[in-house]
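Listed below, chain by chain, are the residues.
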Amino acid sequence: MNDKRLQQEFDEYFKGAELPANLTADAKAEVKPRKKTGALKWFLRLAPVAAMLVAVICVAVAFFPSLSSGGTPDNQTPQGGGYSYYSLAGLAESCADPYSPQTDGLEFAKSLAVAHNADVSLTAYSENGKIKIARADINLIHGAYRHDAVIYVEYTDENTCFEDLKEYLNGEERSYSGQKYILNTGYDNGENIYKIYLNAGQVKYYVSVTTSEIRGYTYYLDLLAKYF
């Protein structure tokens, strides 16, 4: 039986009984509905926790602004340098002659084409009649080791990069014969994979070499350095 019904029955009973007024007042007071304090108590208990969560979120946003923008933008590298990326879509593709390259930065292709231990094919990707990026696919025997290599030669400003090569931009910074470069390493079927990014000023080189030769990538650093 709820408090309201109980109070009603007490009222009817006391109307029919001659009892002291102060006694009925006391009895009625006992059956008055209790104040609903449960929600207030829960709110007071949870208020400090909610305040703490708000503080944690504010600190996280302050120290990691990318959280409020949905993550790292696509046009930035993980190290924070701003880059713009492009794809090969819209670029004109053509086979280039490695024996007589017409563009500075591709001279290494002729050296490989005339070498007895190497085979090379050259593809150019142009925009408005001007090569934006070129790719050299190389098979080479160096001593007792086979190399499968790809060299991209890019003719864009420092902050513009072919999107498929952006992983080359961050890695271990090294120097070889005074030339700075970025190195990343991996493995595939027991062979080393070396990925190199080298900025020679007017031209940028991205070199990928798969070989079991330790530090086999230095062959290409020596090759490219001849034409800087």
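Scroll up for the structure.
All of these numbers come straight from a predicted model, not from anything done at the bench.

A. Layout of the overall build of the chain. When its secondary structure is counted, the chain shows five helices and 10 strands. The buried share among the 228 residues of the chain stands at 32%. A sequence separation of at least 24 residues applies to 47% of the contacts in the chain between residues at least 6 apart. With the model as given, the accessible surface of the chain reaches about 15000 Å², and the carbon-plus-sulfur share is 53%.

B. Layout of the side chain of Glu213. Inspection of the secondary structure assignment puts Glu213 in the loop between β10 (204-211) and α5 (218-225). Buried charge Glu213 goes without a salt bridge, the closest partner of opposite sign being Arg215 at 8.9 Å. Within the structure, the side chain of Glu213 is placed 2.7 Å from the side chain of His147, a separation counted as a polar contact. The contacts of Glu213, once residues within four sequence positions are left out, are His142, Tyr145, His147, Asn192 and Tyr194.

C. Just the pairing of strand β4 (residues 130-142), in detail. For strand β3 (residues 118-127) and β4, the ladder comprises 10 bridges, and the chain directions are antiparallel. Directly across from Ser126, in β4, lies its bridge partner Ile131. The sheet contact formed by β4 and strand β5 (residues 145-154) spans 10 bridges and is antiparallel. Within the sheet, the bridge partner assigned to Ile141 lies in β5 and is Arg146. Following β4, the chain reverses through two residues before pairing antiparallel with β5; Gly143 in that reversal takes a positive phi of roughly 65°.

D. Expanded view of the nonpolar core. Counting 32 residues, the largest nonpolar core has Phe108, Leu112, Ile138, Ile151, Val153, Tyr205 and Tyr217 as its most contacted members. Listed by contribution, the elements that provide at least two residues to this core are α4 (107-113), β3, β4, β5, β8 (179-188), β9 (191-199), β10 and α5. A total of five residues in this core trace back to one element, the largest contributor, which is β4. With sequence-adjacent residues up to four places away left out, Ile151 is seen in contact with Phe108, Ala134, Arg135, Ala136, Ile138, Tyr205, Tyr206, Val207 and Tyr220.

E. Seen up close, the environment of Gly190. Mapping Gly190 onto the fold places it in the loop between β8 and β9. Among the residues examined, Gly190 registers a relative accessible area of 70% and is labelled exposed. Gly190 sits 22 residues away from Ser212 along the chain, and the two C-alpha atoms are 7.5 Å apart.

F. Region of interest: unusual backbone geometry. A positive phi angle is found at Ser177, which is not glycine, with a value near 50°. Within the fold, Ser177 resides in the loop between β7 (172-176) and β8. In this model, Asn189 sits at a positive phi of 55°, which is unusual for a non-glycine residue.

G. Geometry of the packing of aromatic side chains. Considering all chains together, one arrives at 10 aromatic pairs under this definition. A connected cluster of aromatic rings, assembled from ring pairs, spans Tyr86, Tyr152 and Phe162. Above the face of the Tyr85 ring, Lys166 is positioned so that its terminal group lies 5.1 Å from the ring centre.

H. Quick peek at the pattern of salt bridges. Taken as a whole, this structure holds six salt bridges when the rule is applied. One salt bridge connects Asp137 with Arg135, and the closest N-O pair in it is separated by 2.8 Å. According to the relative accessible area criterion, Arg135 is partly exposed, its value standing at 27%. Here Arg174 ties to Glu172 by a salt bridge, and the two come within 3.1 Å at their closest N and O atoms. For Arg174, a relative accessible area of 29% corresponds to the partly exposed category. With relative accessibility at 44%, the residue Glu172 sits in the partly exposed group.

I. Layout of the sheet that holds β10. Judged by pairing direction, the sheet is antiparallel, and its eight strands sit side by side in the order β2-β3-β4-β5-β10-β9-β8-β7 without closing on themselves. Edge positions in the sheet fall to β2 (92-96) and β7, since each has one partner strand and no second. Each strand axis lies, on average, 25° off the axis of its neighbour in the sheet, ignoring direction. Summarising the sheet, β7 and β8 pair through five bridges and their orientation is antiparallel. Within β8, the position partnered with Glu173 by the bridge is Ile182. Those strands touched by α5 are β4, β5, β7, β8, β9 and β10, and its axis lies near 150° from that of β10.

The rules behind each value
- Residues numbered from 1 in each chain as written.
- Predicted model: local features only at pLDDT ≥ 70, side-chain atom pairs only at ≥ 80, totals over all residues.
- Heavy atoms only, no water.
- Helix = DSSP H or I, 4+ residues; strand = E, 2+ residues; numbered from the N terminus.
- Buried < 20%, exposed > 50% of the residue type's maximum accessible area, 1.4 Å probe, protein only.
- Contact = heavy atoms within 4.5 Å.
- Areas by Shrake-Rupley, 256 points an atom, 1.4 Å probe, with all protein chains shown as cover.
- Lys, Arg positive; Asp, Glu negative; His and termini not counted.
- Salt bridge = Lys/Arg side-chain N within 4 Å of Asp/Glu carboxyl O.
- Polar contact = N/O pair within 3.5 Å; in protein donor to acceptor, adjacent residues only side chain to side chain.
- Pairing = 2+ DSSP bridges.
- Core = buried A, V, L, I, M, F, W, Y, C linked by side-chain atoms within 4.5 Å.
- Phe/Tyr/Trp six-rings, centres within 6.5 Å; stacked < 30°, edge-to-face > 60°.
- Lys NZ or Arg CZ within 6 Å of the ring centre and 35° of its normal.
- Axes fitted to C-alpha atoms, helices over the stretch in contact; angles between N-to-C directions.

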